[in-house]
Amino acid sequence: MSDHLKKLAICHYPDARLRQRCRPVAEFDEKLAALAERMLDLMCAEKGIGLAAPQVGVLRRLFVMSPTGERKDALVFVNPVIRDREGNVEAEEGCLSLPGVNVRIRRARRCRIEAQDIHGRPFSMAGEDLLCRIWQHETDHLDGILIIDRMGPADRLAVRKTLRALEENFNGRRRQKTPVK
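No experiment lies behind these values; they were computed from the predicted model shown. (Residues numbered from 1 in each chain as written. Predicted model: local features only at pLDDT ≥ 70, side-chain atom pairs only at ≥ 80, totals over all residues. Heavy atoms only, no water.)

K.L.:
Just checking my understanding: could you explain the overall build of the protein for this structure?
P.N.:
Across its full length, the protein carries four helices and seven strands. Its C-alpha atoms give the protein a radius of gyration of 16 Å, within 12% of the compact-globule value 16 Å for 181 residues. For the protein, the spread of C-alpha atoms along the principal axes amounts to about 50 × 45 × 25 Å. Taking the intrachain contacts of the protein between residues at least 6 apart in sequence as the baseline, contacts between residues at least 24 apart amount to 65%. Accessible area of the protein: about 10100 Å², with a carbon and sulfur share of 50%. Here the protein contributes 33 positive and 26 negative side-chain charges, whose respective centroids are spaced 6 Å apart. (Helix = DSSP H or I, 4+ residues; strand = E, 2+ residues; numbered from the N terminus. Rg over C-alpha atoms; globule rule 2.2 N^0.38 Å. Contact = heavy atoms within 4.5 Å. Areas by Shrake-Rupley, 256 points an atom, 1.4 Å probe, with all protein chains shown as cover. Lys, Arg positive; Asp, Glu negative; His and termini not counted. Charge placed at Lys NZ, Arg CZ, Asp CG, Glu CD.)

This is the structure in structure tokens:
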């Protein structure tokens, strides 16, 4: 694994990269495969069930997921597109880029996803409930959308202190990295 990939870490709110719309993946090579592997390592280490490329600072349309949280059940989605959304259901969501923030989000109950695998081969899957929720959550990341953009007023009030703490922590880390002139 390259030194660059070893240094990848999960970006936390309010990192500006989390708000960027990602570019499609055009090259399906060993670098892409290594990136997906590193993302799976990070996701599993943090006990997550999904992780999108912008969450590690890579602005490409790629996410990894495992509905069970187990590596053996992991899938990689490149250039995903959500289709045929049906029904609505509200459920609690968290995000590895927003530690400590869990909010209720309304999403489609069923949908289909079209994507490419790590080798560039197209595929399509239909899913519902948790599977569909993960796809929608991670695809939102690829468009620069966070769960805090979809939460209701009550959740907004409930998590404001946590968001403020994340902002202060982020700004404190940035000040530490800035060299004194």
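Having seen the model, we can carry on.
K.L.:
I tried to follow the packing of aromatic side chains on my own but got confused; where do I start?
P.N.:
Scanning the entire structure with this criterion turns up three aromatic pairs. A ring pair is formed by Phe-77 and Phe-123, whose centres lie 5.5 Å apart and whose planes are at 50°; its orientation type is tilted. With Phe-77 in strand S3 (residues 75-86) and Phe-123 in strand S7 (residues 122-128), this pair connects stretches of sequence that are 46 residues apart. We classify Phe-77 as buried; its relative accessible area is 0%. (Phe/Tyr/Trp six-rings, centres within 6.5 Å; stacked < 30°, edge-to-face > 60°. Buried < 20%, exposed > 50% of the residue type's maximum accessible area, 1.4 Å probe, protein only.)

K.L.:
Could you clarify how one ought to interpret the nonpolar core in this entry?
P.N.:
The nonpolar side chains of a soluble globular protein tend to be buried, and buried together. In this structure, Leu-8, Leu-35, Met-39, Leu-51, Val-56, Leu-62 and Val-64 are the most contacted members of the largest nonpolar core, which totals 20 residues. When residues of this core are assigned to their parent elements, the largest contribution, seven residues, is made by helix H2 (residues 30-45). Excluding its chain neighbours within four sequence positions, the residues that come into contact with Leu-35 are Leu-5, Leu-8, Val-56, Val-58 and Leu-62. Of all hydrophobic cores here, the second largest spans 15 residues; its members include Leu-18, Ile-105, Leu-146 and Ile-147. (Core = buried A, V, L, I, M, F, W, Y, C linked by side-chain atoms within 4.5 Å.)

K.L.:
What exactly am I supposed to notice about unusual backbone geometry here?
P.N.:
Glycine aside, negative phi is the norm for most residues, and most peptide bonds take the trans geometry. The omega angle of the peptide bond from Tyr-13 to Pro-14 is 10°, so this bond is cis rather than trans. Here Pro-14 is to be found in the loop between helix H1 (3-6) and H2.

K.L.:
In this structure, what is going on with the pattern of salt bridges? I would like to understand it.
P.N.:
Two side chains of opposite charge can pair, provided their charged atoms sit close to one another. A complete count under the given rule lists 19 salt bridges for this structure. Where Asp-143 meets Arg-61, a salt bridge forms, and the shortest distance between an N and an O atom there is 3.1 Å. In this pair, Asp-143 is assigned in the loop between helix H3 (130-142) and helix H4 (153-177) and Arg-61 in the loop between strand S1 (50-52) and strand S2 (62-65), connecting sequence segments 82 residues apart. Ionic pairing is found between Asp-140 and Arg-107, a salt bridge with its closest N-O pair at 2.9 Å. Remark: Arg-107 occurs in strand S5 (residues 102-107) and Asp-140 occurs in helix H3; sequence separation between them is 33 residues. Accessibility assignment for this pair places Asp-140 and Arg-107 in one class, buried. Because the salt bridges share partners, they merge into one network encompassing Glu-93, Arg-107, Arg-133, Asp-140 and Arg-150. (Salt bridge = Lys/Arg side-chain N within 4 Å of Asp/Glu carboxyl O.)

K.L.:
What is the right way to look at H3 in this model?
P.N.:
Owing to its 3.6 residues per turn, the α-helix brings residues three or four apart onto one side. If you check H3, its first and last C-alpha atoms are 19 Å apart, about what 13 residues at 1.5 Å a residue would give, namely 18 Å. H3 sits mainly inside the fold: 11 of its 13 residues count as buried. By the burial criterion, the buried members of H3 are Cys-132, Arg-133, Ile-134, Trp-135, Gln-136, His-137, Glu-138, Thr-139, Asp-140, His-141 and Leu-142. Downstream of H3 by one or two residues, Gly-144 has phi in the positive range, about 80°. (Expected span 1.5 Å × (residues − 1).)

K.L.:
Before we go on, may I ask you to explain the pairing of S2 in this structure?
P.N.:
Note on strand geometry: in a regular strand, side chains alternate between the two faces of the sheet. Of the two faces of S2, the one carrying Leu-62 and Val-64 and the one carrying Phe-63 and Met-65 are both buried. The sheet contact formed by S1 and S2 spans three bridges and is antiparallel. Each residue of the ladder has a partner; that of Ala-52, found in S2, is Phe-63. Pairing of S2 with S3, which is carried by four bridges, proceeds in the antiparallel orientation. The residue bridging Met-65 from the neighbouring strand is Leu-75, located in S3. (Pairing = 2+ DSSP bridges.)

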